[in-house]
There are 2 protein chains.
Amino acid sequence: MKQVLISLILIVFCLDAFSEDKARWIWYPGDFEVWLHTEVCGRRQERGQIYPPFWRVDSPYGLVRFEKNYEIAEPETISIFAEGRYQLRIDGDIVYHFDPQSFVLPAGKHDLQFLVENYKTFPSLLVEGEMVSTGETWKVTNQDQVFYQAEAGKFYSPQQPPSAFCLEYKPVSGKIIQKNGNSVLVDFGKEIFGKVIVADVKGKGTLELFYGETRQEALAETQAETYDLLPVDRTVFAFDTTETRAFRYIYATGEPGVSFGEISALYEYLPVEYKGDFECSDPLLNHIHDVSTYTLHLNTREFHLDGIKRDRWIWSGDAYQSYLMNFYSFFDEDVNKRTLFALRGHDPVETHINTILDYSFYWMIGVYDHFFYTGDTAFVKQIYPRMKTLLEFCLNRANKCGFVEGQPGDWVFIDWAPIEKEGEVSFEQLLLSRGLEAVAQSAALAGDGEYAAKCYRLSEQIKEEIFETFWSDEKNALLHGRKDGVLSEIVTRYANMFAILFGYCDDTMKGKMRDHVILNDSILPITTPYMKFYELASLCEVGEKEKALDFVRDYWGGMLKLGATTIWEAYDPSQSGDEHYAMYGRPFGKSLCHAWGANPVYLFGKYLLGVKPTSPGYKTWLVEPSLAGLEWIKGKVPTPDGVIEVFMDKDIIRVRTASGKGILRIKSKKQPGVGKGVVCSSVGKNLYEIKLDVSSKEYTIRYWQT
Amino acid sequence: MKQVLISLILIVFCLDAFSEDKARWIWYPGDFEVWLHTEVCGRRQERGQIYPPFWRVDSPYGLVRFEKNYEIAEPETISIFAEGRYQLRIDGDIVYHFDPQSFVLPAGKHDLQFLVENYKTFPSLLVEGEMVSTGETWKVTNQDQVFYQAEAGKFYSPQQPPSAFCLEYKPVSGKIIQKNGNSVLVDFGKEIFGKVIVADVKGKGTLELFYGETRQEALAETQAETYDLLPVDRTVFAFDTTETRAFRYIYATGEPGVSFGEISALYEYLPVEYKGDFECSDPLLNHIHDVSTYTLHLNTREFHLDGIKRDRWIWSGDAYQSYLMNFYSFFDEDVNKRTLFALRGHDPVETHINTILDYSFYWMIGVYDHFFYTGDTAFVKQIYPRMKTLLEFCLNRANKCGFVEGQPGDWVFIDWAPIEKEGEVSFEQLLLSRGLEAVAQSAALAGDGEYAAKCYRLSEQIKEEIFETFWSDEKNALLHGRKDGVLSEIVTRYANMFAILFGYCDDTMKGKMRDHVILNDSILPITTPYMKFYELASLCEVGEKEKALDFVRDYWGGMLKLGATTIWEAYDPSQSGDEHYAMYGRPFGKSLCHAWGANPVYLFGKYLLGVKPTSPGYKTWLVEPSLAGLEWIKGKVPTPDGVIEVFMDKDIIRVRTASGKGILRIKSKKQPGVGKGVVCSSVGKNLYEIKLDVSSKEYTIRYWQT
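Residues numbered from 1 in each chain as written. Chains lettered and ligands numbered in written order. Predicted model: local features only at pLDDT ≥ 70, side-chain atom pairs only at ≥ 80, totals over all residues.

Helices and strands together make up the secondary structure of chain A, namely 15 helices and 34 strands. The C-alpha radius of gyration of chain A comes to 28 Å, within 12% of the 27 Å expected for a compact globule of 706 residues. When its C-alpha atoms are laid out on the principal axes, chain A stretches across 80 × 70 × 60 Å. For chain A, long-range pairs separated by at least 24 residues make up 72% of all intrachain contacts whose partners lie at least 6 apart in sequence. (Helix = DSSP H or I, 4+ residues; strand = E, 2+ residues; numbered from the N terminus. Rg over C-alpha atoms; globule rule 2.2 N^0.38 Å. Contact = placed C-beta atoms within 7 Å.)

Below, the structure is given as structure tokens:
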């Protein structure tokens, strides 16, 4: 016991002295996430029944070996904390007879190994010493003879290994808005998520709690998507707490023999910082932005979930939008990484991610976009082997033109829309080409130059082949697809939007797509916020920001007018009454708090404030703000090293920089007025670029609206 | 509650009426074994430290879907027991609101699905109905879009899902043979395995238990391979029970403040039936057979372990011999299947089985040999996909001649012997060729004709290439190998023995190998019972059974003379005293109860009683008994459908058949005397074959020794 005390004293000392190198729990890359996913993905409930996913869910490796080559001048005492049983080896030899929480490392250069076994959660390790502590300089293997850098997160405390990960809670209370015998309807004022607490439950019988995103849903009892039927059998008062549920309303009804008291809840949330912000002269857009951010936050949890009432699963296509929205709001890198690891699981790849062809590509692109916003090369290196095996799976199923088509068992999703999904859909080929680019760039980062070259080459080929095959001079657009060798005569928005967004076409072609597709009302309209994400972005890319905002006012504004406190999975303005809440053939099947609805968070940040990185991790960045018809806009966009603040009205633009080298690009009828020593260059007709190369500085620019 | 009672009554009725179709727990193929392996493989202890394997250990899939297409005329109530949470679907629709232990299946033709989630052990399901019950007619998927037949074992009770699997126990007591102050040395009379019980432990301090396969090891205290240092801190008497350990001796010593009473044990064992038997006129051989069988039994547990004191792991090469010995003793098919599934785990294959090149091939051959003895086509079909991916892994690492060599990270084991293991070792090519045959035959059984053809073709090529490359007319033998393009000038026994055993050479070549290798004392001798297994078999194959028996008398007899109560991992007659117990650089590192030492169990059954299947599952079989210099032999060899009994002395042979068509092949100076109606044909000089085609019949044959 004496030795432990001494070592603990040493730790306190060393943590002060080397706070940068604070010991952290380490694990096998992705296995914290893979484990957490097993905990989370089966929490979906449908009318009292559990509902785990319909694809393979992997478990973490239960036996992994951590290794560290160290060199120390003097022997030092390390404290050891492992989640699981472990074996300690020095230079390959097992160490016998030591206090399992404390060990004196021999001086000199040695190879230290911990073989940790834990099949219940996953193996993790914390070693605390003055010179030798666990962190990302350790290596780890699942004993497949491949070594990775050990993964480490923000877990420092011996008492809290990574498997102790949990979200945070705040008590919230509702208001009884209806009472009838032994039944109450409670309104929490807005959609929330958490554990429901029923006070003073007593008696014998069933206490039924029906959850509603709307009042109608709660009152629909077993037609509600989620509910709890709690058996009660007790003679003393006690509290009941449920699993986490999503609701605004709770309809509680007790059988005659059951009595119960107040119904409140523990709001459960991921503690994120609201780093991004947006405000403008239009209160409706401000309201939309706030509700969108709240919607995003509710769905940003252990992972980026699709919706909180129903699936509570990670869907790669949905999550891809969340990664991007996250970069304009919380800039929480960890939740992106958790999501990407969990979605991918382990090898072998036997189906597409979520079984959806498109979703495999969104995953690859998501990894690269995460890197581009964060500059986190280490993450790319860790996950790259899994990108490669996923891409190989896709390429092995490509046809002889190199195009991908849905194979038996694949789901070709694209969008909830009545379109042809069989054969070579042009949209899928664009995702393939972008996916190839993402893997190529990641391969280069991971040092796999040969594979990078292969992917670049393939991507170029596919791109050429896409335009050669699907571009129609007659329609001035990319056609929808080809099936059994026959080209579709139909144009849909998907491929054309993505060609614009991926920068695959020049201005002439872009113009044709704008006029003949994006602004063409005879082309099948998009009706989900999901694809609206891309359509609104492409509208902005082709210079139609005002139109994009008008749509946001109508569509998002429409939901708010109907009383939405969070943004919905889908919204059809032509519907009325309870029709709005139905989906999938069920009266309340629609999710009224769906991450993909939070689109304006991204749209306003990227296309109004106009901030985006131009090299990985915001080492360089661009601000291209736009009023889009508003009087003024202002807001914040987070970067890895601080927040960029932007203000714009009809006369001036103010930018407060973070770090990195920025460029402000603006239209102005004449040379803008910049401060002393600030470089402003003309880069086209009425177009200027101003260098913002001092960190944390506020630049004020006078300009003249064009 | 009423409904449950009714359904239980129905079950009792249906189990009586349809006892053949008794409901059984089902699971995803191999995952009971994969899970059990995670429980077992880390039980190795080395001087107080845990010692899990140094290869990847897989976990079972935590989410699987069971499916059954049923058709019933009337609705019926099924009882449902799942280990894990489950969701029930009829024709794809989730079922809401039902007693989770009981459900009324609708009449007609329906698709019934259970999605079961369990990440703690593994998902399993028991459904009991009159017409619809779980069993091997159900399908299962891990949701990778591949369906397997559900795996079912001997688990029938709702209270005992497969994860409740455990071995059995019998109390055993030892004798105090030395007492000194607060220390005792207890002798259990022979090596056993089990949990140690220390009675009446009281006081404060440490109670140390040192286990010895020998008295010396127990008394060597912390030099013993295994021990328990039990902390004691109590003021009332209580019993302590340890984890399972292997020992004959226990040296127990308490610190002054600790008192303890009797030391006994719970012998832990797999309940097997001793179906095989062997007895002869030489009491030494009988003793050897009994000790070998006991050694095999101690190591035949959840899986075929290598040894019970030290590794307690499954090693594919060791296990291969156990499968074969098992067929001549317990004929416990389940332990073979458990071992084969556990060794293989899940895809992807990233290393050889146990990291050993040879051991991947033994695994493939093991699957096929298991099939050949049992006729269990269903098992082959279930495991075949994993044979294919393992073989593909091996073939992807072959060189341009198609030969395999150790790659970085591979262990080329062959045997504990000072031989060249780098480059193209001829022995490994023989295993490769045989492995290809095994996969080819399994592929044919699994309906993968194309792959079967590929493997046959490859196997033939490799076989030709082996003899073309390694056969030396000068040495009259296969050379040891080729390294960097240079042929070895050395002949070792391995390749030559295996060429004989695999039937790859004609009688002329066999004769050359016998004279120039097997009986040639200048060739490096074999010193482990492991390779002796093959050497003794090849001696028998070349007609040198008496020599084989002489070796058994000397080598196995030698261990018995030294007091062995079980057979050792290795034995060198030239050593003396405690030298015998040392291995791996540790004084008691050698395992004195090692499965591969049980070789005589197989040797006597296959080569003295001479019984073996000639088509899968003993549909046809051969008895070719041999006295090998003994006065008489008698014994039993189990088959899937009963036991074949053989007696032979110098005048008569008696065979009691099981089922299947048998042939008795014997040498006799003149036409043997067979009973009326029994067909006896001459098949060579002094060689006769007698048809034993009536089941469960005793045939008595008079013959005349040649």
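Before going further, it helps to spend a moment on the confidence of the model for chain A. In the predicted model, chain A carries a mean pLDDT of 95, and 97% of its residues have values of at least 70. Within the model, the stretch residues 1-20 of chain A combines pLDDT values under 50 with 16 contacts to residues more than four positions away or in other chains. (pLDDT = per-residue confidence, 0-100.)

Attention now goes to the pairing of strand β29 (residues 642-648) of chain B. Working note: regular strand, side chains alternate between the two faces of the sheet. Residue and element names in this part refer to chain B. Across seven bridges, the pairing between strand β28 (residues 633-639) and β29 is antiparallel. From the neighbouring strand, K634 faces β29, where its bridge partner is F647. Two successive antiparallel strands, β28 and β29, enclose a turn made up of two residues. Pairing of β29 with strand β30 (residues 652-656) involves four bridges; the strand directions are antiparallel. From the neighbouring strand, V646 faces β30, where its bridge partner is V655. Here β29 folds back onto β30 in antiparallel fashion, the turn holding three residues. (Pairing = 2+ DSSP bridges.)

A word on helix α9 (residues 426-445) of chain A. All names here are of chain A. Given a rise of 1.5 Å per residue, 20 residues ought to cover 28 Å, and the 29 Å separating the end C-alpha atoms of α9 matches this to within 8%. Of all 20 residues that make up α9, 17 are buried, and the element is covered over most of its length. Once α9 finishes, G447 follows within two positions and takes phi at roughly 85°, a positive value. (Expected span 1.5 Å × (residues − 1). Buried ≥ 20, exposed ≤ 12 C-beta atoms within 10 Å, placed from the backbone.)

In this section: the sheet that holds strand β21 (residues 424-425) of chain A. Residue and element names in this part refer to chain A. The three strands are arranged β21-β24-β25 in an open sheet whose pairing can be described as antiparallel. Where the open sheet ends on each side, the last strands, each with one partner, are β21 and β25 (486-487). Examined bridge by bridge, β21 and strand β24 (residues 481-483) share two bridges and lie antiparallel to one another. Directly across from V425, in β24, lies its bridge partner G481.

So, on to the interface of chain B and chain A. Between chain B and chain A, the contact holds 35 residues from the first and 35 residues from the second. Elements with a contribution of two residues or more to the side of chain B that touches chain A: β3 (49-50), β6 (85-90) and β9 (108-117) of chain B. Grouping the constituent residues of the side of chain B that touches chain A by class yields 13 nonpolar, 13 polar and nine charged. (Nonpolar A, V, L, I, M, F, W, Y, C, P; charged D, E, K, R; others polar.)

Looking now at the domain arrangement of chain A. In terms of domain boundaries, chain A breaks down into domain 1 (2-164), domain 2 (168-269) and domain 3 (614-702). A C-alpha centroid distance of 51 Å is found between domain 2 of chain A and domain 3 of chain A. (Domains from an automatic or database assignment.)

Moving on: the sheet that holds strand β29 (residues 642-648) of chain A. Through backbone hydrogen bonds, the strands of a sheet pair up, either in parallel or in antiparallel fashion. All names here are of chain A. Strand order in this open sheet of five strands is β20-β28-β29-β30-β34, and the pairing throughout is antiparallel. Here the strands that pair on one side only, and so sit at the sheet edges, are β20 (277-280) and β34 (698-702). Here the strands of the sheet are splayed against their neighbours by 10° on average, with no regard to which way each runs. (Axes fitted to C-alpha atoms, helices over the stretch in contact; angles between N-to-C directions.)

Quick look at the relation of the copies chain B and chain A now. Least-squares fitting of chain B to chain A yields an RMSD of 0.0 Å, with the superposition described by an axial translation of 0.0 Å and a rotation of 180°. Accordingly, the operation relating the two chain copies is best matched by a two-fold axis. (Least-squares fit on C-alpha atoms with pLDDT ≥ 70 in both.)

Residues and elements named next belong to chain B. Interaxial distance between helix α6 (residues 333-344) and helix α8 (residues 377-396) falls to 11 Å at its minimum, and their mutual angle equals 30°. In terms of orientation, α6 and α8 fall into the roughly parallel class. Where α6 crosses over α8, the handedness of that crossing is left-handed. Residues K337, L340, F341 and R344 of α6 lie in contact with α8, whose contacting residues are F379, I383, R386 and L390. Residue classes in the contact of α6 with α8 are distributed as five nonpolar, no polar and three charged. (Parallel < 35°, antiparallel > 145°, perpendicular 65-115°, else oblique. Left-handed = near helix turned anticlockwise from the far one by under 90°.)

As judged from the 10 bridges shared by strand β4 (residues 63-72) of chain A and strand β9 (residues 108-117) of chain A, these two strands associate in the antiparallel manner. Each residue of the ladder has a partner; that of R65(A), found in β9(A), is L115(A).

All names here are of chain A. Locating V683 in the fold gives a position in strand β32 (residues 680-684). Put simply, V683 and R665 are 18 residues apart on the chain and 9.0 Å apart in space, counted from C-alpha to C-alpha. Sequence-distant contacts of V683, defined by excluding residues within four places in its chain, comprise Y688 and E689.

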